[in-house]
Amino acid sequence: MTLQYKEFGTVKAIRGCIITVLGLENCINGQLIRFGFGTEGTIMGFDEKETQVLVIKETEPVKTGDSAIMTLEPFNTPVGDKFVGRIINVLGEPMDGLGPLPPDAYYPIFADAPPILDREIIKETLETGIKILDTMIPIGKGQRELILGDKMTGKTTIGTDIILNQKGKNVICIYCAIGKSRAALNRVINTLKRGEAFEYTTIIAAQAGSAPGQLYLAPYVSCSLGEYFMKKGRDVVVIFDDFTKHAWSYREISLLLGRPPGRESYPGDIFYLHSRMIERAAKMTKKYGGGSMTFLPIVELLEGDLTAYVSSNLVSMTDGQIYLSSSLFGEGFKPAINVGLSVSRIGTKVQWPALKKFTKVLRLQYVQYEELMRVSKLKASGSSESSGEQMKEGQVLSEFLKQDKDDPVTTEAEVLLFAAHTKKLVDDLEAAELVRFKREAYPYAFKKNPDLFIKMRQTRNIDDEAEQMIVEMVNEFVQVLISQRPKEEVEEEYDGKDATIGAASQAK
């Protein structure tokens, strides 16, 4: 027989989602409080006389004078292997109608971040399938990479594309929807279903109409579920969509708690709120399972303002940011990632050596091309031969970096594409032919020499012989594209003299 410590208190006041309780003397933040039949909350603050409780689960309305029961147990969340492939709410309850979810364990929501000595250096790449990221802003397993941009610039699409690209790569994905509408959540669900991504993905949803307490706890629950898999040695990717609404919910809760507002009406501990969560991402040493947890938090900006309170806080505590530009999106360049303002502080050390071989100076080339484009719009005079060549290379690179949504690209295909660009093998192709090349070149090359790309996947590197094979296959496919040009275009390649002779002979 086990003894369980309990304390009983009385509800003094109710203010929105915050309940003030009298008579609880041994309080700890994050502790579980029960009211009536099934209503639960967690302690958010206390003093000598009163305890402030945030309601998380409300099965029946709480009234003034009701009894509150406190035990020594923290507010835990159910976790387990069966959660993969399911859509659940913050309480671990299924939302997909696929039956109950028996948990394998219960993990604390507010767990401490792993110590420094338990972590390993990040050195393995997270293959995003997004060419502009894999080549210029590589992400490593265990990294914290912020995604920010204005409304409707493709932030969620970046996250879903990364999830789709993890198919067959033994990575668990967790998509945390914070304050999203039902229609927006359905779009994400349908995208993942079409890509057969639910085999390795869990969605944790706190929808727009959810209580502030559930919006507040959603990312913490996602972290706890991710830690369950990480401790089993698995690689995990967690996408928080988005932290802006999470900060809004915490601001609402703090104002109800009576805490003094600061900048933009946020409480003073908003930085601590996010940093304690962000630090839970890690790449663990083999002694502790060797798993990893990568965080991709999303933040919505207002008119591209990077200096806003929440976004500037998160930029300072993450390992880099992916900035999506509304102007690039309007010009039709998708994904609309601004390379100049985006950065990965992990650097190229996590890249495949095969890809790094052809993308060392890619970022510089692209930034120079953007600057050249900006200058050419302002200056009407003709350009020099060198700038014309630079412009052509930049146009090829820009076309290669464009990508449709829900269409991730394998790293082997990226190696082929950017080898062709770096060695200037596709400069003679027209715009429509470049589109065909980036879509059809890899299937053509893989069909001709599958062993080359299988070996590349295993070693993540290529030798000089393999590089020469890639060059030969690219040249061969370029000739195929040129040979398929309409005859009129081919005839126009003759000089004026030949054309005159041809015309004279036809006249005779």
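Up top is the structure these notes are about.
Residues numbered from 1 in each chain as written. Predicted model: local features only at pLDDT ≥ 70, side-chain atom pairs only at ≥ 80, totals over all residues. Heavy atoms only, no water.

**As for the pattern of salt bridges**
Phase 1: All told, the structure shown has 29 salt bridges when counted by the stated rule.
Phase 2: R194 is paired through a salt bridge with D406; the nearest N and O atoms lie 3.8 Å apart. Taken as a pair, R194 in helix α3 (residues 182-194) and D406 in the loop between α11 (385-401) and α12 (411-422) lie far apart in primary sequence, 212 residues in all.
Phase 3: Looking at D406, the relative accessible area reads 30%, which means it is partly exposed.
Phase 4: Connected via shared salt-bridge partners are K357, K423, D464 and E467. (Salt bridge = Lys/Arg side-chain N within 4 Å of Asp/Glu carboxyl O. Helix = DSSP H or I, 4+ residues; strand = E, 2+ residues; numbered from the N terminus. Buried < 20%, exposed > 50% of the residue type's maximum accessible area, 1.4 Å probe, protein only.)

**Structural notes on the packing of aromatic side chains**
Phase 1: Tallied over the entire structure, the rule returns 18 aromatic pairs.
Phase 2: When the centroid spacing of 5.9 Å and the interplanar angle of 50° are considered together, the rings of Y266 and Y309 count as tilted. Here Y266, found in the loop between α5 (243-256) and α6 (270-278), pairs with Y309, found in helix α7 (residues 309-317); they are 43 residues apart in sequence, far enough to count as distant. Each member of the pair, Y266 as well as Y309, carries the same accessibility label: buried.
Phase 3: In this arrangement the basic side chain of R251 is found over the ring face of Y266, its NZ or CZ atom lying 4.4 Å from the centre.
Phase 4: Seen from the ring of F329, K334 lies directly overhead, with NZ or CZ sitting 4.6 Å from the centre. (Phe/Tyr/Trp six-rings, centres within 6.5 Å; stacked < 30°, edge-to-face > 60°. Lys NZ or Arg CZ within 6 Å of the ring centre and 35° of its normal.)

**Details of the pairing of strand β4 (residues 39-46)**
Phase 1: A large share of β4 lies buried, amounting to seven of its eight residues.
Phase 2: Sheet topology places strand β3 (residues 31-35) next to β4; four bridges connect them, and they run antiparallel. Residue pairing for β4: F35 is matched across the bridge by T39.
Phase 3: The antiparallel hairpin formed by β3 and β4 contains three residues in its connecting segment, where G36 sits at a positive phi of about 55°.
Phase 4: Linking β4 to strand β5 (residues 50-57), which pair antiparallel, is a turn of three residues. (Pairing = 2+ DSSP bridges.)

**Brief notes about the sheet that holds strand β6 (residues 67-74)**
Phase 1: The sheet built from six strands closes into a barrel, its strands ordered β1-β2-β5-β4-β3-β6 with antiparallel pairing. With direction set aside, neighbouring strand axes in the sheet form an average angle of 45°.
Phase 2: Helix-sheet contacts for helix α4 (residues 212-230) involve β4 and β5, and the interaxial angle to β5 is about 80°. (Axes fitted to C-alpha atoms, helices over the stretch in contact; angles between N-to-C directions. Contact = heavy atoms within 4.5 Å.)

**Focus: helix α2 (residues 155-164)**
Phase 1: Taking burial as the measure, the 10 residues of α2 include eight buried ones, the bulk of the element.
Phase 2: For α2, the full list of buried residues reads K155, I158, G159, T160, D161, I162, I163 and L164.

**Here's the deal with the packing of α12 against helix α13 (residues 431-448)**
Two numbers describe a pair of packed helices, the interaxial angle and the distance between the axes.
Phase 1: Contact pair α12 / α13: the axes reach a minimum separation of 10 Å and the direction vectors enclose 115°. Seen from above, α12 lies across α13 with right-handed handedness. Contacts between α12 and α13 pair E412, A413, L416, L417 and A420 from the former with F437, K438, A441, Y442 and A445 from the latter.
Phase 2: Taken together, the residues of the contact of α12 with α13 break down into eight nonpolar, no polar and two charged. (Left-handed = near helix turned anticlockwise from the far one by under 90°. Nonpolar A, V, L, I, M, F, W, Y, C, P; charged D, E, K, R; others polar.)

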